[in-house]
Amino acid sequence: MAGLRVNLASAGLTSFDEIIRHVNLEGRSEEEGLVAAERTTKIDLDFNEFTEVHVPLSFCQEFRALEELSLRGNEIACLPESISMLKNLKVLRLDENCLTCLPVSINSLENLEFLSIVGNNITCLPEDFGTGLRSLREFGADENDIERLPDSFCSLVRLCRLQVSHHCMEWLPERFGDLECLVAVDLSHGKLKQLPESFSDLPQLGALDLGYNELASAL
C-alpha cells in the first residue's frame, strides 16, 4: 500500500492535534484517521500558526512512517527526544524556527539524508552529533549562532554538502579532513581564525566559500 503525502503548508493550523483531522480527508472515523496517519510518509507543515512551541510526543507516535517532515517557519522552540521514533525519516526541514538546541536523540536517525536548521538560535550541536547519522549527505545550518562543531561531526563520512554560513566558530575539528565525500562547503561570514591541517585532505571538494572570516592565511 502506497504511503500518503500530505501538504498542510500555510493551512492556518494552531495545534498539532488538528493534523489528524486534516489527514483524515475522506471523512472516515477517528480510528481510520489514525491508520491514515500511520501510513503518511511525507507531511509539509510549513508556515502555520501553532500556539505550541514544542512538538508533542503524540505527533511522533502517530506519524512513525514519516520519511519527510517539513516544519519551517513555525516558531518552534523545542523538538522532543521522541523524534527518534521516526526511524524512517530521510528529510527533516526545521528552518526559521526558534530552536536553541537539537535533541540528543536526533543522532539515532540513521536513515536521515538531509537536515536543515537554517535561521534558528542554535549555539552548539549535541556532543555525539554525527556518530549515528550514517546516511546524512546534506547539512544546512546557516544563520545560527553555532560556536563549534563537536569532534563527532567528523563521523559524517557520507556528508557531501555543508552550509554553515553566518556562524560564530573560530576553529574546526582537527579531523575535519575525514569528511572525504564533501563536494561543497560554505563556512562564510564567521570568526574562523585558522583551518586544521586536515582541511587540505578533502579529495572531492569543488566548491568552497570561506569569505568574511578572520583567517590569517589561505589554504
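Analysis parameters
- Per chain, residues are indexed from 1 in the order of the written sequence.
- In keeping with the model being predicted, local features are shown solely for residues with a pLDDT of at least 70 and side-chain atom pairs are shown and tallied solely at 80 or more, while totals for entire chains, interfaces and linings include all residues.
- Hydrogens and waters are ignored; side-chain quantities use all the structure's heavy atoms.
- To qualify as a helix, a DSSP run of H or I must reach at least 4 residues; to qualify as a strand, a run of E must reach at least 2; elements of each kind are numbered from the N terminus.
- Any pair of residues with heavy atoms lying within 4.5 Å of one another is described as a contacting pair.
- Accessible areas in this description were obtained via Shrake-Rupley with a 1.4 Å probe; residue shielding takes into account the shown protein chains only.
- When charges are tallied, Lys and Arg are placed among the positive residues and Asp and Glu among the negative ones, while His and the ends of the chain are skipped.
- Each charge is placed at NZ for Lys, CZ for Arg, CG for Asp and CD for Glu.
- Exposure classes here rest on a 1.4 Å probe applied to the protein chains alone. A residue is buried below 20% of its type maximum, exposed above 50%, and partly exposed in between.
- Distance and chemistry together define a polar contact, namely a pair of N or O atoms within 3.5 Å, with one atom able to donate a hydrogen and the other to accept it when in protein, and with adjacent residues in sequence counting only for side-chain atoms on both sides.
- What makes a salt bridge here is a side-chain nitrogen of Lys or Arg within 4 Å of a carboxyl oxygen of Asp or Glu, nothing more.
- Any two strands with at least two DSSP-identified bridges between them are counted as paired.
- An axis is simply a line fitted to the C-alpha atoms; with a helix, the fit covers only the stretch in contact. Between two such axes, the angle follows the N-to-C directions and lies from 0 to 180 degrees.

Glancing now at the overall build of the chain. Each helix and strand in the chain was counted, giving three helices and nine strands. Walking the chain from its N terminus toward its C terminus, one meets helices and strands in the order β-α-α-β-α-β-β-β-β-β-β-β. With respect to the principal axes defined by its C-alpha atoms, the chain has extents near 65 × 30 × 25 Å. Sequence-distant contacts in the chain: of pairs separated by 6 or more residues, those separated by 24 or more amount to 41%. Accessible area for the chain stands at about 10600 Å²; split by element, carbon and sulfur atoms hold 46% of it. With 18 positive and 37 negative side-chain charges, the chain shows a spacing of 6 Å between the two charge centroids.

Its location among the elements puts Asn213 in the segment after β9 (207-209). For Asn213, a relative accessible area of 17% translates into the label buried. Looking at Asn213, its side chain comes within polar contact range of the main-chain nitrogen of Gly190, at 3.3 Å. Among the polar contacts listed, one links the side chain of Asn213 to the backbone nitrogen of Leu192, at a separation of 3.0 Å. Residues in contact with Asn213, not counting those within four places in the same chain, are His167, Leu187, Ser188, His189, Gly190, Lys191 and Leu192.

Here we take up the pattern of salt bridges. Summed over all chains, the structure comprises seven salt bridges. Arg72 serves as the salt-bridge partner of Asp46, at 2.6 Å between the closest nitrogen and oxygen. A residue pair is termed long-range when its members are at least 10 positions apart, and Asp46 in the loop between β2 (40-44) and α3 (57-62) and Arg72 in the loop between β3 (68-70) and β4 (91-93) qualify at 26 residues. On the basis of relative accessibility, which here comes to 29%, the residue Arg72 falls in the partly exposed class. The partner of Glu127 in a salt bridge is Arg148, and the shortest N-O contact between them spans 2.9 Å. Of this pair, Glu127 sits in the loop between β5 (114-116) and β6 (138-140) while Arg148 sits in the loop between β6 and β7 (161-163), placing them 21 residues apart in sequence. Connected via shared salt-bridge partners are Lys42, Glu68 and Arg93.

Glancing now at the sheet that holds β6. Within the open sheet, the nine strands sit side by side as β1-β2-β3-β4-β5-β6-β7-β8-β9. Their pairing is parallel. Each edge of the open sheet carries a strand with a single partner, namely β1 (4-7) and β9. Adjacent strand axes in the sheet meet at a mean angle of 10° when their direction is disregarded. By the bridge criterion, four bridges tie β1 to β2 in an arrangement that is parallel.

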